[in-house]
Amino acid sequence: MAGISVDIRKKGFAFTLRTDQWWVEPALVMFGFTAFVVYSTWAAFQAQFYWYSNGAEGFGGYLSPMYSPLVFINETAKGAAPVHHAWFGTFPSWWPSFLPASPAFLIVAFPLLFRFTCYYYRKAYYRAFAGSPPACAVGAVSQKPYKGETGLLIFQNLHRYALYFAVIFIFILSYDGVMAFFRDGKFGVGVGSMVLLINPILLGSYTFGCHSFRHLVGGQMDCMSCNKFRYGTWKKVTFLNERHQLFAWMSLIWVGFTDVYVRMVSMGVWTDFSTWGN
Ligand code: FES
């Protein structure tokens, strides 16, 4: 059968011979990213209702992952954690007065950098926001070749370093997950305990499926199967890597939902059913 040759680059934005719903994925990505960025920015500026322990001051409680770890705390804010949960106590006097004293501002750069430079997300936001091209075999916004991967190359290379911080965050958020099973030092289970436990599991599935992590555990070896431990780890990482897009979205959505959950119970809008009796 004779083939058809069409230079789609010259045909303008969104021109394609594809007959499938190619625009659905970039549209969903655009909607998902925009919704998350708007919500997380709003949540960070709130600087309150990020903690719930039903008034208990001892070990345990629910902490929103958007505020963890707590470097400094403004203990006078509504729904704030007790000050002994902060690494360095209350907010210092040099904190700029135009910014709300929000613990979220002190940690946001790390997950943001990790996600922004992620190989999967790069593909997703280049297509959804830059439209160069919006999908395979679809006309691009501009006739000029896209320079995102070359112009931003050094910045995007920070991903391998951002990975180390992301791994540290998995341990911190896992600690928060364990802390959610305690209130005033007493073990129990609440709906929030499960929400906070699922969070690092999904984040870990995303982080440990990272392409850089896969290279870290399996790269630079001439004989992979000679090192049983590294080869076995590489196969597990590959399993996660093959589902990287899935875990990228599941973990992103769950982080947002966990913040919503903690915020709602902290505000008294939702009831946290638990073995502690709420
Ligand atoms: S490639 Fe996606 S997190 Fe590293």
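It should be emphasised that the depicted structure is a prediction, and the values quoted were computed from it without experimental measurement.

### Brief notes about the packing of helix 2 (residues 109-116) against helix 6 (residues 159-179)
Direction vectors running N to C along helix 2 and helix 6 enclose 125 degrees, while the axes themselves pass 9 Å from each other. In terms of their interaxial angle, helix 2 and helix 6 are classed as oblique. Of the two elements, helix 2 crosses helix 6, and the hand of that crossing is left-handed. Judged by residue contacts, Phe-110, Pro-111, Leu-113 and Phe-114 of helix 2 engage Ala-162, Leu-163, Phe-165, Ala-166 and Phe-169 from helix 6. Looking at the contact of helix 2 with helix 6 residue by residue, the classes come out as nine nonpolar, no polar and no charged.

### Observations concerning unusual backbone geometry
The peptide bond linking Ser-68 to Pro-69 adopts the cis configuration, its omega dihedral lying at 5 degrees. One can find Pro-69 in the loop between strand 2 (62-63) and helix 2. Going from Ser-132 to Pro-133, the amide bond is cis rather than trans, its omega being -5 degrees. If you trace the backbone, Pro-133 turns up in the loop between helix 3 (119-130) and helix 4 (148-151). Not every positive phi belongs to a glycine, and Ala-14 is a case in point at roughly 75 degrees. Summarising the element assignment, Ala-14 is placed in the segment before helix 1 (24-46).

Cut-offs and rules
Residues numbered from 1 in each chain as written. Predicted model: local features only at pLDDT ≥ 70, side-chain atom pairs only at ≥ 80, totals over all residues. Axes fitted to C-alpha atoms, helices over the stretch in contact; angles between N-to-C directions. Helix = DSSP H or I, 4+ residues; strand = E, 2+ residues; numbered from the N terminus. Parallel < 35°, antiparallel > 145°, perpendicular 65-115°, else oblique. Left-handed = near helix turned anticlockwise from the far one by under 90°. Contact = placed C-beta atoms within 7 Å. Nonpolar A, V, L, I, M, F, W, Y, C, P; charged D, E, K, R; others polar.

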